[in-house]
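The primary structure of each chain is shown beneath.
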Amino acid sequence: MASLIHCPHCGIRPKEEFTVRGDASLVRPEPDASDEAWHEYVHIRANPRGRTREHWQHLYGCRRFLVVERDTVTHEVYSVTDGAAAARGGSR
Amino acid sequence: MLFQSRHPLESKIGSGSSIRAVDHLEIPRSVAIATVLSHPDETAAVVAGFAAAGDLVMRNVAPGEWLVLSHIERSDSLERRLSGLLTDIADVVDQSEGRVLLRLSGPNVRRILAKGVAIDLDPSAFAIGQSVNLRCGHIAVNFARSGENEFELVVMRSFAESLLEDLLLMGREFDLSYGFSGGLADPD
Amino acid sequence: MTGYRLPNSGLVDRAATLEFRFDGKRFTGHAGDTLASALLANDQLLLARSFKYHRPRGLVTAGVSEPNALMTIGSGARTDANTRATVAELYAGLEARSQNNWPSLKHDVGALNNLLSPFLSAGFYYKTFMWPAAFWEKLYEPLIRRAAGLGRAVLESDPESYEKCWTHCDLLIVGSGPAGLSAALTAGRAGLRVVLAEQDFRLGGALLSETTTIGEQTAPAFAETVLSELGTLPNVTLMPRTTVFGWYDDNVFGAVERVQKHVAQPLAKLPVERLWRIAAKRALLATGAEERPLVFGGNDRPGVMTASAIGTYANRFGVAAGKSVAIFTNGNAGYRTAEDLARQGVGITAIIDTRADAPSRSAEALKDVRIIKGAGIIDTMGGQRLNKLVFERSGYEEVIACDAIGMSGGFNPVIHLACQRGARPVWSVELDTFVAPDVGGGLSIVGAAAGRYSLSACLADGAEKAATIAADLGFAATSYEAPAVGEEVDPSFTALWYVPGAKSKAFVDFQNDVQARDLGLALREGFGHVEHAKRYTTNGMATDQGKLSGVNAAGILAGMRGVSPAEVGITTFRPFYTPVSFGALAGTARDMHAAPKRVSPLHGWAERNGAVFVEAGLWYRSSWFPREGEKTWRQATDREVLNVRENVGLCDVSTLGKIEVFGSDAAEFLNRLYCNPMAKLPIGKARYGLMLREDGIVYDDGTVSRFGENHFFVTTTTGLAAGVLSHMEYCAQILWPELDVRFTSVTDQWAQMSIAGPKARDVVQALVEDDISNKAFPYLSAGVVTLKGGLKARLFRISFSGELAFELAVPASFGESVADAVMEAGRAHGICAYGLEALNVLRLEKGYVTHAEFDGRVTPDDAGFGRMVSAQKLDFIGKRLSTRYGLTAADRMQMVGLKPVEKDKTIRAGAHLLKEGAKPSTINDQGYVSSASFSPVLDHDIALAFLKSGRERYGERIVVWDRLKNEETVAEVCEPVFVDTQSTKLKV
Ligand SMILES: [Zn+2]
């Protein structure tokens, strides 16, 4: 029916305004990284039970990619922060 | 050659409602609208630039991104003026043709909008002048509170007909009237 | 007393008489009645037939948990099946029909099932109708469904309207009984934004059925007083007829408001139902408690109800359930019902108390009533209304005449909402029932729903918890202090799950005809887990979802297993609390409002030129432009194609995604985004661009034009415009946040038209001031031009047809006017409008690709773009994985052209390719046709296909095998370009 995400730029919004891109902890390997590193990056996903960090794009709002830290079991949302800021800070 | 400009809602609206109700949807025929994209770390300078211009209406889109509206200026002169004002601190893109403004006002405006808009519209929660991008029904709009009981929606041109149809359905309960600006006199 | 209507009591408006029909028969009731109370007042006790055995059934409850009295209400397209009569508000002209009986309620052929019932035990269907498998779907299931069905859905489109709404509040209170009202008053006075939702049409909850006093007032009068104060508070919203059906993440509640379900002719401007999403900072569940039925022999006979239902019918609706009522109880609450009835002149034949040590009651009203302690009812008699009961005490049986039984088996707090998000109900030894655990800060449970059954406790609890919430939210609040309550009901009871000695069927779940012994069978056959037992017996699977039966079933299973019900548990509560119509869930999103329609700025021009439109995603695009005498799309399309090849045509391409890109790193950004080089694209030039996914497969294609050192303009395909923009945002924000790049979509800003054909320049030059000769504006030029009269436009020398072509972009609102002018200027050159179909044939003849080719499996090399992929660039999206073995293997399917060997044969997209003589099989599959059409230029079918090692096989004959059409066509493999193979027309 509904759940709410608190966009740091736009405020509280229903999840229907967002699209989920997936794991926010992935870091794109260097071009010359190993086959395994690239294979992991492109194909392998953990699908964890519990706390997870995902990229959600606020498609109907600011269009920013946000890092949503949430629990996949309870859907409790612990934090929502701007993804670019996190990427710049290298804290992915 | 003289080319004619045609408002995207021209054929849908025509002469609009025959009677203006207390709740009314007004569509200004021409509004100059530009997207302003701030260069990195120039957001404060851009905001200061807007403030210096004085007469511009700014609408928040995203961090470092705004829609700027003018009801008096032509689109090319707005684009020129903004480009001059914001040289080297922002990029300016004319969107006057790509966006349509709809203005909803009246005592029941919040009850009408709550049928499409999920945010808290209480006067204490959404102040006059505040603006955000959000979803109204199925459609992405820029949404602003422009008066005590007045809200403005800026929508992509291709969606304007559908948004109009949706708003009229949402307003049916309150006999929402509609028309282009200057079409109907105020009821009082 | 007329019929069963009591002379004075109740809250119905006796001055307002409403006429209605049930099964065609005319009845009257009063404003304030439910359909159930009005039928009961008219002695219409038989209301339904049960699901499995077709047993006669009457009312069991006076509320939402009613398992039996399901009706079809309304007529024609305005028909609602499975409506509970107990919550259907009576209105003048209401038409109700009983369900699940044939040919009539009184004479029901299906009742024969009742005689067969020894064979119809739990699991019977599963065990019997197993073989052969095909019979299940074709024979058994339809038969069972016809015999056992509930009401029928109508097949007409629903003429009613519905809508959805959001609201926000500090405190949502679910239920307007004593706890809800005192909470609302406390929070409302403190200034919180309060929503008080009540599923009933009248606010007040249990107070409406109470006979005690609060202060100087009767309970209903007290409710009125509180409600009138709440009505004056602007921060309090009272929502009657509103069922909160679900509790969702982040404290959002789903509720359905029945706006016009209680009127014969709904107003057109209002919805009949409104679905609310209520975002509440806090919520209080003040949903009260439900009285438990007792499980005894013959407990489903019409006339057997819960005691509190009998009390509600008498006290609130002024209707007696019978003229000689027996009370069967295991606690003290049953005595209170007896007192209430006796005081209103209803005969009480006996109170049968299962407790041998029941405390004696000295109520004046009951002084002549026979009270039988330590006894249990073991059977009942009567046809369509109860007339006798048989009870047993110490081995002796006795028959008592009575026409109604009120059963009082204890109380279950209504905790469904609290347990919808994973929290399991917990067993309370003290209360002998399941209660909600602590579910966290967002939702608190209050009053009888929290096991505080007395009226004074409810009033105090509501006020106290609301005050705590107010303080938490930063409001100064004082708890509302209600006046003193008169005589209270003593809710104590001694749980009894099954009354021993049953001489006939003892039902646990009335609607699904589940008996106590069915649960025993489930346990014996290994389905003793409460969730297994539910599926095996269907207990709790009916429309009432076990509201009455769930706790009794847990108790019975526990008893048989010799454990506490705590160990058995109860089946999972899920939304919706009560059924919600599909209409309400859909809201306005139906018909033209189901999805937005995107309209091109050239739509009006296309209409004027006779376009037939096609949905392309959300867009409505012009597909072909039939002229007089053209009967099929092919005729129009063939003419349009030939005209473009010979003269000139105009096509609307406004729907392409258009993105302005800025920044000192814009070139670098695009260089990393596309697989081909973009960094050195000169200003004033356009270039074809191919975008890969990170796995090396093609994602999208389009053009990139450069308008300045730090200013680019990108187009995408129509279908992936939104996806590409998101992809670019991901790259800019997450992958390369260090790059100085910004972009914004201008798709809607420009009306864009492709003017293609050998005479295109003559037509365009007629409108443009600037020199657009081949010398001044060669192939792949891009720039700003001035139209005659001064309008600024953008012009691109790009072609998707292989002909000399221009794409002219003008400000959207001038699109129609400019397109008209182009047509006018082109008239002398034989211009025509052409649509998507012709566009597709033109590109296919030239071997240009679309997403029919780029279908998510194809690499650049597969499609013949291998050399475009930059080997020089250090990095771009898809670079690394595009070199892996699987994507460079020699036997990959490569794009080729196909021509039928016999020119009149057809090739269709989707067909597979086989070597001549090979049997169709996965192993023998050589490839597939991605696009095909008739070429009016060549006068035969042509196709693009993907064929294993295809580029080495030009000239080979291959079988095009189409299983859907049962066609086989022998085709020749050729280079994927069918016209102007040397591209002589493009660059002139
Ligand atoms: Zn946002």
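Residues numbered from 1 in each chain as written. Chains lettered and ligands numbered in written order. Predicted model: local features only at pLDDT ≥ 70, side-chain atom pairs only at ≥ 80, totals over all residues. Heavy atoms only, no water.

Peer 1: Mind showing me how you'd approach the packing of aromatic side chains here?
Peer 2: To describe a pair of aromatic rings, one takes the distance between the centres and the angle between the planes. Using the criterion set out here, one finds 27 aromatic pairs over all chains in the structure. Between B:Phe50 and B:Trp66, the aromatic rings sit 5.5 Å apart at their centres with planes inclined by 80°, giving edge-to-face as the arrangement. Placement of the pair is B:Phe50 in helix α2 (residues 43-53) and B:Trp66 in strand β4 (residues 65-70), with a sequence separation of 16 residues. The buried category is assigned to B:Trp66, whose relative accessible area is 4%. Here C:Phe713 and C:Phe796 contribute two aromatic rings whose centre-to-centre distance is 5.5 Å and whose plane-to-plane angle is 20°, an arrangement assigned as stacked. Here the residue C:Phe713 occupies a position in strand β37 (residues 711-716), and C:Phe796 occupies one in strand β41 (residues 792-796), the gap between them amounting to 83 residues. (Phe/Tyr/Trp six-rings, centres within 6.5 Å; stacked < 30°, edge-to-face > 60°. Helix = DSSP H or I, 4+ residues; strand = E, 2+ residues; numbered from the N terminus. Buried < 20%, exposed > 50% of the residue type's maximum accessible area, 1.4 Å probe, protein only.)

Peer 1: Explanation requested: the state of the cysteines in the structure shown.
Peer 2: By definition, a disulfide links two cysteine residues through a covalent bond between their sulfur atoms. All names here are of chain C. Under the counting rule described, the total for this entry stands at zero disulfides over all chains. Free cysteine: Cys419, not disulfide-bonded; nearest cysteine sulfur from Cys458 at 18 Å. Given a relative accessible area of 2%, Cys419 falls into the buried group. Unpaired in terms of disulfides, Cys832 finds its nearest cysteine sulfur in Cys651, a separation of 9.7 Å. Accessibility expressed as a relative area gives 1% for Cys832, which makes it buried. (Disulfide = S-S within 2.5 Å.)

Peer 1: Would you explain the sheet that holds strand β1 (residues 24-27) of chain B in this entry?
Peer 2: Two pairing modes exist for strands in a sheet, parallel and antiparallel, and in both the strands are linked by backbone hydrogen bonds. Residue and element names in this part refer to chain B. Here we have six strands laid out as an open sheet, ordered β7-β8-β9-β6-β1-β10, and mixed in their pairing. The open sheet is flanked by β7 (131-136) and β10 (177-180), the only strands paired with a single partner. Taken over all neighbouring pairs, the strand axes of this sheet differ in orientation by 25° on average, direction set aside. Bridge analysis of β1 against β10 gives four bridges, and the strand direction is parallel. (Pairing = 2+ DSSP bridges. Axes fitted to C-alpha atoms, helices over the stretch in contact; angles between N-to-C directions.)

Peer 1: Help me understand the coordination of the zinc ion, please; the structure alone is not making it clear to me.
Peer 2: Angles between donor atoms at a metal ideally measure 109.5 degrees for a four-coordinate tetrahedral arrangement and either 90 or 180 degrees for a six-coordinate octahedral one. All names here are of chain A. The protein atoms donating to the zinc ion are Cys7 (SG), Cys10 (SG), His58 (ND1) and Cys62 (SG), with metal-donor distances spanning 2.0 to 2.4 Å. Angles of 104 to 119° at the metal separate the four donor atoms of the zinc ion, which places the site in the tetrahedral class. When the donors of the zinc ion are listed by position in the chain, the intervening gaps give C-x2-C-x47-H-x3-C. In this pair, Cys7 sits in strand β1 (residues 4-7) while Cys62 sits in the loop between β4 (51-57) and β5 (65-71), placing the two residues 55 residues apart along the sequence. (Donors = N, O, S within 2.8 Å, 3.2 Å for Na, K, Ca; no water. Tetrahedral: all angles 85-135°; square planar, octahedral: opposite > 155°, others 65-115°.)

Peer 1: How do you make sense of the interface of chain B and chain C when you look at a structure like this?
Peer 2: Facing the 41 residues of chain B at the interface are 48 residues of chain C. Of the roughly 3,800 Å² buried at the junction of chain B and chain C (both faces included), carbon and sulfur atoms supply 54%. In terms of surface lost to chain C, no three residues of chain B exceed B:Met1, B:Phe3 and B:Ser158, which account for 18% of the buried area on that side. Across the chain B-chain C interface, the total number found is seven salt bridges. Here B:Lys115 makes a salt bridge to C:Glu163, at a shortest N to O gap of 3.2 Å. (Contact = heavy atoms within 4.5 Å. Buried area = accessible area lost by both parts, 1.4 Å probe. Salt bridge = Lys/Arg side-chain N within 4 Å of Asp/Glu carboxyl O.)

Peer 1: Sorry if this is basic, but what is going on with the nonpolar core here?
Peer 2: The nonpolar side chains of a soluble globular protein tend to be buried, and buried together. All names here are of chain C. The biggest cluster of nonpolar side chains holds 49 residues, and the ones touching the most others in it are Leu35, Met71, Met305 and Tyr313. If you list the elements that add at least two residues to this core, you get β1 (13-22), α1 (35-41), β5 (70-75), α7 (307-315), β18 (324-329), α8 (333-343) and β19 (347-353). Of all the elements, α1 adds the most residues to this core, at six residues. Not counting residues within four places of it along the chain, the set of residues in contact with Tyr313 comprises Ala36, Ser37, Leu40, Leu59, Thr61, Ala62, Thr86, Met305, Gly318 and Val319. The next biggest cluster of nonpolar side chains, apart from the first, holds 48 residues, and it includes Met239, Trp247, Ile278 and Ala554. (Core = buried A, V, L, I, M, F, W, Y, C linked by side-chain atoms within 4.5 Å.)

Peer 1: Sorry, what's going on with the interface of chain A and chain C here?
Peer 2: Much of the literature gives interface size as the accessible area that the parts lose upon coming together. Contacts between chain A and chain C engage 28 residues on the former and 33 residues on the latter. Viewed at the interface, chain C and chain A are joined by four salt bridges. Joining chain A to chain C, the criterion identifies twelve residue pairs in polar contact (both at pLDDT 80 or more). The dominant element in the side of chain A that touches chain C, judged by the number of residues it contributes, is helix α1 (residues 35-43) of chain A, at five residues. Residue composition of the side of chain A that touches chain C, by class: 13 nonpolar, eight polar and seven charged. (Polar contact = N/O pair within 3.5 Å; in protein donor to acceptor, adjacent residues only side chain to side chain. Nonpolar A, V, L, I, M, F, W, Y, C, P; charged D, E, K, R; others polar.)

Peer 1: Would you mind showing me how to read the sheet that holds strand β5 (residues 90-94) of chain B here?
Peer 2: Residue and element names in this part refer to chain B. Taken in spatial order, the four strands line up as β3-β4-β2-β5 in an open sheet, and their pairing is antiparallel. With one partner strand each, in any of the chains shown, β3 (57-62) and β5 form the two edges of the open sheet. Looking at each pair of strands side by side, their axes are set apart by 25° on average, direction ignored. Relative to β4, β3 runs antiparallel, the two being bridged by five bridges. Paired with Arg59 across the strands is Leu67, a residue of β4. Its contacts with the sheet put helix α3 (residues 75-85) on β2 (32-38), β4 and β5, and the angle it makes with β2 is roughly 25°.

Peer 1: Honestly, empty space enclosed by the protein in this entry has me stumped. Any pointers?
Peer 2: One way to see where empty space is left: roll a probe the size of a water molecule over the atoms. Residues and elements named next belong to chain C. Tallied over the full model, the rule gives four cavities of 30 Å³ or more. The calculated volume of the largest cavity comes to roughly 250 Å³. Lining the largest cavity are 25 residues, with Gly546, Gly550, Val551, Ile570 and Phe573 sitting closest to its centre. Mapped by element, the contributors of at least two residues to the lining of the largest cavity are β25 (411-413), α11 (530-537) and α12 (550-561). Residue assignment places the lining of the largest cavity across two domains, with domain 1 (162-289 + 414-472) and domain 2 (505-568) each supplying three or more. Here the second largest cavity defines a volume of roughly 100 Å³. Lining the second largest cavity are 13 residues, with Ala48, Arg49, Asn68, Leu70 and Leu150 positioned closest to its centre. Its residues placed into classes, the lining of the second largest cavity shows six nonpolar, five polar and two charged. (1 Å grid on protein atoms, 1.4 Å probe; cavity = no way out; pocket = protein on both sides within 12 Å on 5 of 7 lines; lining within 4 Å. Points joined across faces, edges and corners; volume = space filled by probe spheres on them. Domains from an automatic or database assignment.)

Peer 1: I would appreciate a short explanation of the pairing of β1(B) in the present structure.
Peer 2: Every other side chain in a regular strand lies on the same face of the sheet, so the side chains alternate between the two faces. All names here are of chain B. Residues His24 and Glu26 of β1 are buried on one face, and the alternating residues Leu25 and Ile27, pointing to the opposite face, are buried as well. Across three bridges, the pairing between β1 and strand β6 (residues 99-105) is antiparallel. Opposite His24, over in β6, you have Ser105 as the bridge partner.

Peer 1: What am I meant to see in the environment of C:Ala482 here?
Peer 2: Residues and elements named next belong to chain C. Within the secondary structure, Ala482 sits in the loop between α9 (455-472) and β29 (507-509). On the basis of relative accessible area, Ala482 is assigned to the partly exposed category, the value being 27%. It is 9.6 Å that separates the C-alpha atoms of Ala482 and Pro178, two residues lying 304 residues apart in sequence. Ignoring sequence-local partners within four residues, the contact set of Ala482 consists of Phe222 and Leu459.

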